[in-house]
Amino acid sequence: MSNFLSKLFVFITILYFLSFTVAFIPPAHIPYISILQFAYPYLFILWLIVALITFRIWTTNTFTIVFLLTGIIISYKIPRFYQLPLNESNCQTSDIKIMSFNVRDFDLYSWTRDRKVRDKIMDLIAKENPDILCMQDFYHSNSIRYPFKTLDKILALGYKYSHIHYTHIVNDSNYWGIATFSKYHVIPVMHHEIDSIRGNAWILTKIIRSPGDTILIGNLHAASVKFRHHEMLYLESFTDKDKEKKLKQKKINIQEKVFDILKKVNRAMYYRQLQIDTFIKTLKRFDLPIIICTDLNDIPNSYAYEKLTQYFDDSFLAKGSQMGVTYLGPLPGLRIDYIFYSGHFEPVSFNTLDVNLSDHRPLIACFKKNYQNK
């Protein structure tokens, strides 16, 4: 029995190590294997349980101790998935308050079945009153027949300045894209996109807070997986018995769907690699304080996250609390939205707002300046 448990512990440690390692390797170099990154937090729990069960074995076995130490060392990423609820949130002493929110087209297609979602989002913005507002999946329409004038409503809240890049336009009246709004003067710097239909892009905006005080805001919507309806149905069937019944009624080939889902996840990871590499290369050209708001569409154990945290800090790690779940879709418990910052700032508070107005939760971060005006 002890021999079996010892081998099991070694095997789980190897899997755990692999799930840790793949995040440092570009997905293009290890297609499909990169997907193992999602298993990291679950393998940690499994590894910890087996480690406790086999306590007496590895304390007397030098070979097993090596695997124990390996597991302990690679567990440093766990705080990215959970922070003890010890941080107090208080923006009153901050210099900058910023909000990042994937608004999912302001519920254009009535996913929530709540006709007041758009107004509720506007009320939330008015209540939080951030200095800078970054939106992903932004939508605006000038259509006379079906007006959806979200831009006008945001401007009416006091955000006189904006940098908006539309990735998709229909009939010269319906606009989808990514937007940064500010109470301070802005200078649009540049934009970049890989796939305009997907709406995944990034924009860079200079915010001039006062003469000699300019910061750079990066607003990034990284490549989405874009599951189809039947693929979403399959994913939702794991937690919803009604969806499971619908899946059986439609007689969908589950094996084919699993392969299709893995293909899409792998392709999205590849696109995110391209985006992040280009994004960081571009940011290196600027000698300015930088804040990045992003729907990264990736977890804290991913190539995209590892690359960003080589140069920037994650606000959640500094001032976050508990799991900080931001995604409300069929895959529960994911933190895929972030606010990163350069060393020019000191985070004062960070909050993941507990509201269901989109398939993402909004983020609020407050910072003090750690730099002198030029």
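None of these values were measured; they are calculated from a predicted model.

Student: Talk me through the state of the cysteines; I want residue IDs and the actual numbers.
Tutor: Considering all chains together, one arrives at 1 disulfide under this definition. Note on cysteine connectivity: Cys 91 is disulfide-linked to Cys 366, with sulfurs 1.5 Å apart. The disulfide joining Cys 91 to Cys 366 has a torsion of about 80° about its S-S bond and is therefore right-handed. Within this pair, whereas Cys 91 is found in the loop between α4 (62-73) and β1 (96-102), its partner Cys 366 is found in strand β12 (residues 363-369), the two being separated by 275 residues in sequence. Judged by its relative accessible area of 0%, Cys 366 is buried. The structure places no disulfide on Cys 134, whose sulfur is separated from the nearest cysteine sulfur, that of Cys 293, by 3.6 Å.

Student: Which residues make up unusual backbone geometry, and what values go with them?
Tutor: A positive phi angle, close to 55°, is found at Phe 106, a residue other than glycine. Here Phe 106 is to be found in helix α5 (residues 104-107). Phi is positive for Asn 129, close to 50°, though the residue is something other than glycine. Mapped onto the elements of the fold, Asn 129 is located in the loop between α6 (117-128) and β2 (132-141). Looking at Asn 129, the relative accessible area reads 38%, which means it is partly exposed.

Student: Lay out the nonpolar core with the relevant residues and their values.
Tutor: Counting residues in each nonpolar core, the largest one holds 23 residues, and the members touching the most others are Phe 106, Met 135, Ile 154 and Phe 181. Every element with two or more residues in this core is listed here: β1, α6, β2, α7 (150-156) and β4 (174-182). With 5 residues, the single largest contributor to this core is α6. Counting 20 residues, the second largest nonpolar core, distinct from the first, contains Leu 216, Leu 220, Ile 276 and Leu 283.

Calculation criteria
- Residues numbered from 1 in each chain as written.
- Predicted model: local features only at pLDDT ≥ 70, side-chain atom pairs only at ≥ 80, totals over all residues.
- Heavy atoms only, no water.
- Disulfide = S-S within 2.5 Å.
- Helix = DSSP H or I, 4+ residues; strand = E, 2+ residues; numbered from the N terminus.
- Buried < 20%, exposed > 50% of the residue type's maximum accessible area, 1.4 Å probe, protein only.
- Core = buried A, V, L, I, M, F, W, Y, C linked by side-chain atoms within 4.5 Å.

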